[in-house]
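Listed below are the residues making up each chain.
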Amino acid sequence: MEVFRDGALVPVRGITKRATLAYLLIHANRVVATSGLLDALWPGGTPLTARKMLQNAVSDLRRVLSADTCAADRAMLLTHTPGYLLRVDADCVDLFRYRHLVDQGRADLTAGGYESAARVLREALALWRGPALADLVENGVAWPELAALENARLDALEDCIEAELGSGRHSEVLGELEALVATEPSRERLCGQLMLALYRCGRQTDALAAYRSARTQLVERYGLEPGPELRRLEQAILCHAPELDAPTRSAPSGTADGAPDTAEVRPAAIAGPVTVTGGGGEPAVHRGPERKQISAVLVWARSSTGDDRQDPAGVDDVLRQVESAVREECERFGGSVGSTLGSVFSALFGVADTSEDHAVRAVQAGLAIRDRLGARDSGAATGRPGTVGRAHVAVVTGDAFIRVQPEDATAPPTVTGGVLDRCLRLLALVPPGEVRVCEATRRASEIGIAYRVGPEPPRGWEALQARRAERVKGGSPEDKPPGERRVARERSERLAAPSVAENDELTRPVPEDPPAPRPAWHRGSGQAWAGPCPPPFSGPAAGGDHAHR
C-alpha cells in the first residue's frame, strides 16, 4: 500500500496505522464498525488497550490526510456511528479504477468486441503490481477480502485471455497460460483456455495431456471429475470440431462494416457429435470417442496350472473350460467378453446398450461365475493337475471412453479409461472364492444384490447373492428352446435363492477384515509387482489407461 500527494510518496509508518488505513480503503465510502476494525486488526483476540490503540491510529491518519487542505478531492476520515467512514474520490484509488476498467472490458467482451475488450482488460490488470497489500500479508494479515480480490483478479485475467483468443492471438498467450495453469491447477476455465490455445497451435496431444493433468488434480485433491464444459472441450478436440478453429484476425475497430467481430465461438458452445458434409452432399455424423458409464468384470481363475510339470494340453483344456464358463455367464447377463491375460478373463457391461442396470448385471454374472468355478473346489483341493480352484472376481463401475470402429461396423468397440485400472487394482485384493465390488458398483446394484453389512472394507464390498431373480438380457427361460429351458429355469431359481440364507448372512456378526498382508515385491520377466500376491498376468498392475477390445 502506498499513499501519494501531488506525485510524492507520503510515508505511513506503523503496522497498526497501515492496516487501519488499508481496511478502510477496501471499504471506502462505507461505514466500518469499530468492532469489525478491531477483529480485522487483532483476529486472535483484542488486547485490553485495543480501542485506545485504534483511536491513536485514526488520529495519526487524520493528520496525514488533512495535510492537503486545498485539494477538492482530498480523503477525509470521519467518525460515523457505529465506527468510521473513509470518504475518498473513486478516481484516487487504483482499486476502484481497476474495477471500472474491468466492467468496461467485460461489456466489450459480451458485445463481441474482442480487440477492445483485450486492450481495456490489459490496462486494468496493469494496475496490479503484485498481491494486494503484500506488505501487510507479510506481517500476518489474512483478511477474506484479500482472497476475494485475488479471485476477482484471476476472473478478469480469464476474461482477458478469452478476448485474446477471440482475437486470434493464441500463440501470444500460450506461455502466460502455461504458467497460470501451473500455479492455479484447479481453475477449469484456465485449463480449457490452455487446451484451446495448444490445439490452435497444432499441439493436439499436448492439449489432451493438459486435460488429463487437470482431471488428475481434481480427482486426487477433491475427488471431483472435470465439469461439463471442460469435458465437451476435450470431446471437441478429439473430433477436430470446426468450432475450435482460430478466428481470422480483425482490425481493432471491428469488421469492415463497423460491426464488432463475433467470429469466435466460446468452448461452452461445443456439444455433441460434429456434423460434416460427405462427398454426396449429405451430412454425415462423425462420432469420436464417447464417454459413458460402464461396469467392468475381471475374473482370476486360480488353479494348479502354474506347475511346470503339468501336461500343456491339460492346462489348455482347463483354461478353455474356464473361458467357456465366463463367456456363457457374461453373455447370459448381457455383457461382452473381452481379452484374456493368462488366467484373467475380462468382460464389460453397459458398452453397447443404454440400460442403466449394467452394474446389477455385472455383479450377477460375477456371482454366477464364482458359483460355477467354485464347484470344482474339491478337485483343486486334492492337487489333481488341471483343476480349477476358487475364482477371484472384481467388479468396478465408472466412466470410460468408447470408440466405435467406423471402418468395420462388426468390430467390437475399443474401451479405455481409469475404470479398467481400478478393476485391476481391486482384483489383486480379492480373497479367493469371493466377488468384491467398488463403492460405485455397490450403490448402483444394491437394489438387486445382497452385500455383507458393515463399514466399508478396504478390499471392496463383498457381494453375497442376488436378492431376487432379475430379468436378464436374452429373455425369460420360457423363451428358450426346450433343451435349454430347464437349465435356464434352474439358474434363475438359484439367483432368486433362499431368503433364509440371505437373512442369515445379513444378520451374522461382521468379522473384522484380517490385516492386509505386507506388500512384497515379486520379480519376473523383467517387471515388478507390489501387492499381496504375484500378478496373475503380464502387464502393469496399475496406472495408465489399458485398452480393452
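Given the structure is predicted, the values throughout are model-derived calculations rather than measurements.

Novice: So, the environment of Val322: which residues are in play, and what are the values?
Specialist: Relative to the elements of secondary structure, Val322 occurs in helix H12 (residues 312-332). Among the residues examined, Val322 registers a relative accessible area of 1% and is labelled buried. In the structure, Val322 is positioned 21 residues away from Ser343 in sequence and 8.6 Å away in space, judged by C-alpha atoms.

Novice: Help me get a handle on the side chain of Ser295, residues and values and all.
Specialist: Within the secondary structure, Ser295 sits in strand S8 (residues 290-303). At 2.9 Å, the side chain of Ser295 forms a polar contact with the side chain of His358. Apart from the residues lying within four places of it in its own chain, the contact partners of Ser295 are Ala347, Leu348, Phe349, His358, Ala359, Ala362, Val396 and Thr397.

Novice: Give a description of the environment of Arg372 that names residues and reports values.
Specialist: In this fold, Arg372 is placed in helix H13 (residues 358-374). According to the relative accessible area criterion, Arg372 is partly exposed, its value standing at 27%. Counting along the chain gives 50 residues from Arg372 to Val322, while the straight-line C-alpha distance between them is 9.1 Å. One polar contact links Arg372 to Glu329, side chain to side chain, over a distance of 3.1 Å.

Novice: Would you mind going over helix H11 (residues 228-239) in detail, with residue names and values included?
Specialist: Between its terminal C-alpha atoms H11 stretches 16 Å, which fits the 16 Å expected from 12 residues at 1.5 Å a residue. What H11 keeps buried is the set Leu230, Leu233, Glu234, Gln235, Ala236, Ile237 and Cys239. Phi turns positive, to about 55°, at His240, one or two residues after H11.

Novice: How would you explain the packing of aromatic side chains if you had to name every residue and give the values?
Specialist: What the rule picks out here adds up to 2 aromatic pairs. With 5.6 Å between their ring centres and 80° between their planes, Tyr98 and Trp128 make a pair best called edge-to-face. Taken as a pair, Tyr98 in helix H4 (residues 94-110) and Trp128 in the loop between helix H5 (114-125) and helix H6 (134-137) lie far apart in primary sequence, 30 residues in all. The pair formed by Tyr98 and Trp128 is uniform in burial state, with each residue classed as buried. The ring of Trp128 has Arg153 lying over it, and the distance from NZ or CZ to the ring centre is 5.8 Å. The positively charged end of Arg442 is found above the aromatic ring belonging to Trp461, 4.6 Å away from the centroid.

Novice: So what's going on with the pairing of strand S9 (residues 336-341)? Which residues, and what values?
Specialist: Looking at chain direction, S9 and strand S10 (residues 344-349) are connected through 4 bridges and run antiparallel. Along S10, the bridge assignment pairs Leu341 with Val344. Hairpin remark: S9 followed by S10, antiparallel, with 2 residues in the connecting loop; positive phi at Gly342, about 65°.

Novice: Describe in detail unusual backbone geometry, supporting the description with residues and values.
Specialist: In the segment running from Thr81 into Pro82, the intervening peptide bond is cis, with an omega of 10°. With respect to the secondary-structure elements, Pro82 resides in the loop between strand S4 (76-80) and strand S5 (83-87). With a phi angle near 65°, Asn29 is a residue other than glycine that sits in the positive phi range. Within the element layout of this structure, Asn29 appears in the loop between helix H1 (15-26) and strand S3 (31-33).

Novice: I'd like to hear about the packing of helix H2 (residues 34-41) against helix H3 (residues 50-65), residue by residue, with values.
Specialist: At a closest axis distance of 11 Å, the pairing of H2 and H3 adopts a crossing angle of 100°. When the axis of H2 is compared with that of H3, the two are roughly perpendicular. On H3, the residues that touch Thr34, Leu37, Leu38 and Leu41 of H2 are Ala50, Arg51 and Leu54. Taken together, the residues of the contact of H2 with H3 break down into 5 nonpolar, 1 polar and 1 charged.

Novice: Account for the pattern of salt bridges, naming residues and giving values.
Specialist: Following the criterion strictly, the structure yields 28 salt bridges and no others. The partner of Arg153 in a salt bridge is Glu150, with the nearest N and O atoms 2.8 Å apart. Of the two residues, Arg153 and Glu150 are both situated in helix H7 (residues 144-166); the distance of 3 residues between them amounts to about one turn of the helix. By relative accessible area, which is 22% here, Arg153 ends up partly exposed. In the salt-bridge network here, residues are joined through shared partners; they are Arg106, Asp155, Glu158, Asp159, Glu162, Arg187 and Arg189.

Novice: Describe the sheet that holds S5, naming the residues involved and giving the relevant values.
Specialist: Pairing is antiparallel in the open sheet, where 3 strands are placed in the order S3-S5-S4. Taken across any chain shown, the strands that pair with only one partner, and hence form the sheet edges, are S3 and S4. Strand after strand, the sheet turns through a mean of 30° between neighbouring axes, direction not considered. Strand direction decides the pairing type here: S4 and S5, joined by 5 bridges, are antiparallel. Across the sheet, the residue bridging to Thr79 is Tyr84, located in S5. Of the strands in this sheet, S3, S4 and S5 are in contact with H1, which crosses S5 at around 70°. Across the sheet, H2 is in contact with S3 and S5; its angle to S3 comes to roughly 65°.

What counts, and at which threshold
Residues numbered from 1 in each chain as written. Predicted model: local features only at pLDDT ≥ 70, side-chain atom pairs only at ≥ 80, totals over all residues. Heavy atoms only, no water. Helix = DSSP H or I, 4+ residues; strand = E, 2+ residues; numbered from the N terminus. Buried < 20%, exposed > 50% of the residue type's maximum accessible area, 1.4 Å probe, protein only. Polar contact = N/O pair within 3.5 Å; in protein donor to acceptor, adjacent residues only side chain to side chain. Contact = heavy atoms within 4.5 Å. Expected span 1.5 Å × (residues − 1). Phe/Tyr/Trp six-rings, centres within 6.5 Å; stacked < 30°, edge-to-face > 60°. Lys NZ or Arg CZ within 6 Å of the ring centre and 35° of its normal. Pairing = 2+ DSSP bridges. Axes fitted to C-alpha atoms, helices over the stretch in contact; angles between N-to-C directions. Parallel < 35°, antiparallel > 145°, perpendicular 65-115°, else oblique. Nonpolar A, V, L, I, M, F, W, Y, C, P; charged D, E, K, R; others polar. Salt bridge = Lys/Arg side-chain N within 4 Å of Asp/Glu carboxyl O.

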